[in-house]
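# What the coordinates show
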Amino acid sequence: MALWNNEQGKTFIVAEIGQNHQGSLSIAKQMIKAAKQCGADCVKFQRSNLTEKFTADALARSYVGPNSWGSTYGEHKSWLEFSIVQYRELQRFASEIDIAFTASAMDAVSFRELEEQLSVPFIKIGSGDADNVPLLRYAANRTVPLIISTGMQDWNHICTMYSMFRHRNDVALLHCVSSYPTPVEDTMLRMIPLLRSHFPALTFGYSGHELGIQLSVASVGLGAQIIERHFTLDKSWKGTDHQASLNPAEFTRMVRCIRALEAKLSGGTASLINQLRGVLDKEDFNERELMVALKEVGVQDRKLLDCEQPCCDKLGKSLVYANDVHPGTVLTELDLGIKVSEPKGLSPRLYDSVVGKIVNHTAFKDKPVLQLHF
């Protein structure tokens, strides 16, 4: 059984530490302890195999700025990546203080490591891999429970995702907008009940990147059974995720308000706005923003949003070649990979349609698959 189904009527709350630990094992442990004290049910990190997630050109690109931990993107990411041995140490620490521990699998190799070497209770597939067809297909046929975010995806692809996982009772989809922080007008909280009504076989939740806590609390009133928020000890720390993260005081208030709202939902009939007014502190309640976030939405509204484009440009994945190919090559699955590529190639959603195509150009391993190659 998935952890989020353990207690009926109780929201499963995930503190996403991600890579906000600054590459420090000591800080990571401090964050796990703080998340436990805040009332989180689970802490989540991000696990990457850099050469499986990125092409060599993507790793080599210059990455100089106030949030950089190296002169290239590869050096930056290497600084922030823990080894499996370090992951085991963090996992033991989390177990000792009785909080669930897991990570997002940012590539297929990391998925297998999390499942086979760390035996985590569930694996998260982030929005950057929500269109990674072979990874989704592989995950769908494993037994480990899954949480999958839907940021940057359109409605048609979410329907495709549902078709892959509808046979499972331990898979959750999270409504998510991949913008850090997400503008209130783009949060589209009513996407949660819309998803639930169309895809009743799955569990639904919310991965929020907006500022503040009220919209994440409100999502529980709309049916979210899982809440995931980025977590930091200090919003002024170096890194792009800290601004859209909650600090311990905010996370504690969010948990308290969610638990209070759960009690009201079990016996109250007041409008959601009035219920939120009753559970949120004055500093956290903003009715105008709430009304904007609660606007009606339809299936046509779930598409790649303008606010998500920077994230898509930076971390969206592409079809790449897993081998050198030459004119006349008929592409097989063994010839294709899916990575963050520089420059970008064809969308991973085209994976099945590219398999079997005949290449009319010479192309090299780790380079993007382009339409002009056919």
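Here, the structure is the one placed above.
Residues numbered from 1 in each chain as written. Predicted model: local features only at pLDDT ≥ 70, side-chain atom pairs only at ≥ 80, totals over all residues. Heavy atoms only, no water.

### Considering the layout of surface pockets
- As a volume, the largest pocket reaches approximately 830 Å³.
- Around the largest pocket, the lining comprises 42 residues; the ones closest to its centre are Gln46, Tyr180, Asp241, Cys311 and Leu315.
- If you list the elements that add at least two residues to the lining of the largest pocket, you get β2 (42–47), α4 (73–80), β8 (226–230) and α14 (309–315).
- Classifying every residue of the lining of the largest pocket gives 12 nonpolar, 19 polar and 11 charged. (1 Å grid on protein atoms, 1.4 Å probe; cavity = no way out; pocket = protein on both sides within 12 Å on 5 of 7 lines; lining within 4 Å. Points joined across faces, edges and corners; volume = space filled by probe spheres on them. Helix = DSSP H or I, 4+ residues; strand = E, 2+ residues; numbered from the N terminus. Nonpolar A, V, L, I, M, F, W, Y, C, P; charged D, E, K, R; others polar.)

### Some words on the packing of helix α10 (residues 214–221) against helix α11 (residues 248–265)
- For the pair α10 and α11, interaxial distance at closest approach is 9 Å and the crossing angle is 25°. Relative to α11, the element α10 is oriented roughly parallel. You can see that α10 and α11 cross each other, and the crossing is right-handed. Of the residues in α11, those in contact with Ser216, Val217, Val220 and Gly221 of α10 are Met254, Cys257, Ile258, Leu261, Glu262 and Leu265. (Axes fitted to C-alpha atoms, helices over the stretch in contact; angles between N-to-C directions. Parallel < 35°, antiparallel > 145°, perpendicular 65-115°, else oblique. Left-handed = near helix turned anticlockwise from the far one by under 90°. Contact = heavy atoms within 4.5 Å.)

### Remarks on the packing of aromatic side chains
- For the structure shown, the criterion picks out 14 aromatic pairs.
- Pairwise contacts between aromatic rings join Phe45, Phe82, Tyr87 and Phe101 into one cluster.
- Across from the ring centre of Trp69, 3.8 Å away, lies the NZ or CZ of Lys238, which sits over that ring.
- Between Lys357 and the ring centre of Phe374, over which it is positioned, the NZ or CZ distance is 5.7 Å. (Phe/Tyr/Trp six-rings, centres within 6.5 Å; stacked < 30°, edge-to-face > 60°. Lys NZ or Arg CZ within 6 Å of the ring centre and 35° of its normal.)

### Topic: the pattern of salt bridges
- Tallied over the entire structure, the rule returns 25 salt bridges.
- Among the salt bridges present, the one from Glu81 reaches Arg47, with a minimum N-O distance of 3.6 Å. A residue pair is termed long-range when its members are at least 10 positions apart, and Glu81 in the loop between α4 and α5 (84–96) and Arg47 in strand β2 qualify at 34 residues.
- Relative accessible area serves as the criterion here: at 15%, Glu81 is assigned to the buried category.
- Looking at Arg47, the relative accessible area reads 8%, which means it is buried.
- Across the pair Glu228 and Lys124 runs a salt bridge whose closest N-O atoms are separated by 2.9 Å. (Salt bridge = Lys/Arg side-chain N within 4 Å of Asp/Glu carboxyl O. Buried < 20%, exposed > 50% of the residue type's maximum accessible area, 1.4 Å probe, protein only.)

### Describing the packing of helix α7 (residues 133–140) against helix α8 (residues 155–165)
- Where α7 contacts α8, the two axes come as close as 9 Å, and the packing angle between them is 30°. One element, α7, and the other, α8, form an angle in the roughly parallel class. Across the interface between the two elements, Val133, Leu136, Arg137, Ala139 and Ala140 of α7 pack against His157, Met161, Met164 and Phe165 of α8.
- Of the residues that constitute the contact of α7 with α8, the class distribution is 7 nonpolar, 1 polar and 1 charged.

### Concerning the pairing of strand β10 (residues 336–339)
- In β10, alternate side chains face the same way, and those of Leu336 and Ile338 on one face and Gly337 and Lys339 on the other are all buried.
- The sheet contact formed by strand β9 (residues 318–321) and β10 spans 4 bridges and is antiparallel. By the bridge assignment, Val320 is partnered in β10 with Gly337. (Pairing = 2+ DSSP bridges.)

### As for the nonpolar core
- In this structure, Phe45, Phe251 and Leu276 are the most contacted members of the largest nonpolar core, which totals 99 residues.
- Considering each element in turn, this core owes the most residues, 8 residues, to helix α1 (residues 25–38).
- Non-local contacts of Phe251, meaning those with residues more than four positions away in its chain, are made with Ile13, Val14, Ala15, Cys38, Ala40, Arg229, Phe231 and Leu246. (Core = buried A, V, L, I, M, F, W, Y, C linked by side-chain atoms within 4.5 Å.)

### A short note on α8
- Along α8, the positions that sit buried rather than exposed are Trp155, His157, Ile158, Met161, Tyr162, Met164 and Phe165. Down the axis of α8, the smallest arc covering the buried residues is 165°, so these residues share one side.
- Packing partners of the buried residues in α8 comprise α7, β5 (146–149), β6 (171–176) and α9 (191–198). (Arc of directions from axis to C-beta.)

### Structural notes on the pairing of β8
- Across the 5 residues of β8, 5 count as buried, placing the element largely inside the fold.
- The alternating pattern of β8 places Ile226, Glu228 and His230 on one face and Ile227 and Arg229 on the opposite face, and all of these are buried.
- Here 5 bridges tie strand β1 (residues 12–18) to β8, and the two strands are oriented parallel to one another. Among the inter-strand pairings, Ile13 is bridged to a residue of β8, identified as Ile227.
- Bridging between strand β7 (residues 203–208) and β8 involves 3 bridges; their strand directions are parallel.

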